[in-house]
Amino acid sequence: MDRKEILRQKKRIVIKVGTTTITYEETGNINLEKLEKFVRILINLRNKGKEVIVVSSGAVGVGRAALGLGKRPDTEAAKQACAAVGQARLMMIYEKLFNEYSQLTAQVLLTKESVTNEECRKNAKRTFDELFRMNVVPIVNENDAISVDELAYGNFGDNDTLAANVAEMVGADLLILMSDIEGLYTDDPKQNPRARFIHTVVRIDEKLERMAKGASSDFGTGGMSTKVNAAKIVTSSGADMVIASGDNIYAINDIMAGKKIGTLFLSKEHGKAVEDELSPERAQFRRQSKKARKSENQRSS
Ligand SMILES: Nc1ncnc2c1ncn2[C@@H]1O[C@H](COP(=O)(O)OP(=O)(O)O)[C@@H](O)[C@H]1O
Ligand SMILES: N[C@@H](CCC(=O)OP(=O)(O)O)C(=O)O
């Protein structure tokens, strides 16, 4: 089971772009050239028959730049006001770019309840299903102007976790996180020059979780720890996940073609298959234990 085999057949894909991918670090303004390329890549994926959902960060950063705030806003109200300004601007630009190719988009702003409350989750899923049926590309973000989960606590709603929850909700088979770094290292390479790159993650354990630290830039939020958290959600739901650098936005095409770009987190099922390929004895032991459990269950029922 190789990367090409796994990635080329993906059908429903969630792609998350971080603030650092779509804005200029020095100014916080939107990188229009990159956003335009990104939109073309998305439309091309649709032309190939794939279904895509975008999870786009950037509301706070873009709002902060638009309002001319030099430093990161330090009150919740200021961050939320930035998000309200920035989200509208961001959507206006996405809308304009998609419109050039007559592709309809939709803004879907979610809150924690959209995922944790069963009724809201059902509604959100129904909306996504309908949007897919209508050939619309949903552009998702957290409803930052009213939600405090992400802005205040930096966990649930950070967009890495949000993207994972959306991928799980819509039954996506692949989540791609475009970041300011090419993937997962054994430690934060910005702090530790001896950190080594990890191409494939077969299984997420505590050791791996400890490697992933927080964000180091002024605009990024979650860092690697929220990405590994996202990988846990996604790989348990049966999908694979890739983290890659948004510096080269065309990397999305290479990922879809199965090239060795970024860090691939294998779904639990694929991870087991790879482990079994590496160790046939282990595969045999697993099969035998499964058989023993089955006959034990049959005896006791
Ligand atoms: N083990 C690690 N491997 C790679 N990057 C890491 C690791 N631990 C922490 N990081 C940091 O995570 C950052 C990426 O996350 P973040 O700043 O939230 O950006 P984005 O939202 O664009 O993905 C990297 O720039 C890096 O400094
Ligand atoms: N929802 C927030 C961004 C949250 C977030 O996770 O940001 P990032 O680390 O840039 O992906 C916004 O749109 O500004």
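In this convention, every chain numbers its residues from 1, walking through the sequence in written order. Written order determines the labels here, with chains lettered from A and ligands numbered from 1. It should be noted that, the model being predicted, local features are given only for residues of pLDDT at least 70 and side-chain atom pairs only at 80 or more, the latter also being counted only at that level, while totals for whole chains, interfaces and linings use all residues. The side-chain values count all of the structure's non-hydrogen atoms but skip hydrogen atoms and water molecules.

**Quick notes on the packing of helix H9 (residues 159-170) against helix H11 (residues 223-236)**
Inclusion rule: Where helices are involved, their axes are fitted lines through C-alpha atoms of the stretch in contact, as for all axes, and angles between N-to-C directions lie from 0 to 180°. The numbering of helices and of strands both runs from the N terminus, where a helix is a DSSP run of H or I of at least 4 residues and a strand a run of E of at least 2. Orientation labels follow simple angle bins: below 35 degrees gives roughly parallel, above 145 gives roughly antiparallel, 65 to 115 gives roughly perpendicular, and whatever is left gives oblique. Here, residues are in contact when the closest pair of their heavy atoms is within 4.5 Å. Here the term charged refers only to Asp, Glu, Lys and Arg, the term nonpolar to Ala, Val, Leu, Ile, Met, Phe, Trp, Tyr, Cys and Pro, and the term polar to all other amino acids, Gly among them.
Contact geometry for H9 and H11: axes closest at 8 Å, N-to-C directions at 10°. In terms of orientation, H9 lies roughly parallel with respect to H11. Listed contacts from H11 to Asp160, Thr161, Ala164, Asn165, Ala167 and Glu168 of H9 are Gly223, Thr226, Lys227, Asn229, Ala230, Ile233 and Val234. Tallied by class, residues from the contact of H9 with H11 come to five nonpolar, five polar and three charged.

**Here we look at the packing of aromatic side chains**
Aromatic ring pairs are described here by two measures, namely the spacing of the ring centres and the angle between the planes. Threshold: Working definition: rings of Phe, Tyr and Trp (its six-membered ring) pair if their centres are within 6.5 Å, and the pair is stacked with planes under 30 degrees apart, edge-to-face with planes over 60 apart, and tilted otherwise. Relative accessibility thresholds used throughout: buried, under 20% of the residue-type maximum; exposed, over 50%; partly exposed, between the two (1.4 Å probe, protein chains only).
Using the criterion set out here, one finds two aromatic pairs in the structure. Relative to Phe98, the ring of Tyr94 has its centre 6.5 Å away and its plane inclined at 35°; by these criteria the two rings are tilted. Taken together, the positions of Tyr94 and Phe98, both in helix H5 (residues 76-99) and four residues apart, correspond to about one turn of that helix. Since its relative accessible area comes to 0%, Tyr94 is described here as buried. On the basis of relative accessible area, Phe98 is assigned to the buried category, the value being 0%. Centre to centre, the rings of Tyr185 and Phe197 are 5.1 Å apart; their planes meet at 70°, and the pair counts as edge-to-face. Placement of the pair is Tyr185 in the loop between strand S5 (174-179) and strand S6 (200-201) and Phe197 in the loop between S5 and S6, with a sequence separation of 12 residues.

**Focus: the sheet that holds strand S2 (residues 51-56)**
Sheets are built from strands that pair by backbone hydrogen bonding, the pairs being arranged parallel or antiparallel. We count it as follows: Strands pair, by our definition, only if DSSP identifies at least two bridges between them.
Taken together, eight strands build an open sheet; the order of strands is S3-S4-S2-S1-S5-S7-S8-S6 and the sheet is mixed. Edge positions in the open sheet fall to strand S3 (105-110) and S6, since each of these has one partner strand only. Pairing geometry for strand S1 (residues 12-17) and S2, over six bridges, is parallel. In the sheet register, Lys16 faces S2, and the bridge partner there is Val55.

**Describing the environment of Gly58**
Tracing the chain through its elements places Gly58 in the loop between S2 and helix H4 (59-66). Sequence separation between Gly58 and Gly86 is 28 residues, and the spatial gap between their C-alpha atoms is 7.2 Å. Ignoring any residue separated from it by four or fewer positions in sequence, one finds Gly58 in contact with Thr19, Ile22, Gly63 and Leu90.

**Re the pairing of strand S7 (residues 240-245)**
Across the six residues that make up S7, a large majority, six, are buried. Residues Asp240, Val242 and Ala244 line one face of S7 and the alternating positions Met241, Ile243 and Ser245 line the opposite face, and both faces are buried. Bridge analysis of S5 against S7 gives six bridges, and the strand direction is parallel. Across the sheet, the residue bridging to Leu175 is Met241, located in S7. Bridge analysis of S7 against strand S8 (residues 263-265) gives three bridges, and the strand direction is antiparallel. Residue pairing across strands places Val242 opposite Leu264, the latter belonging to S8.

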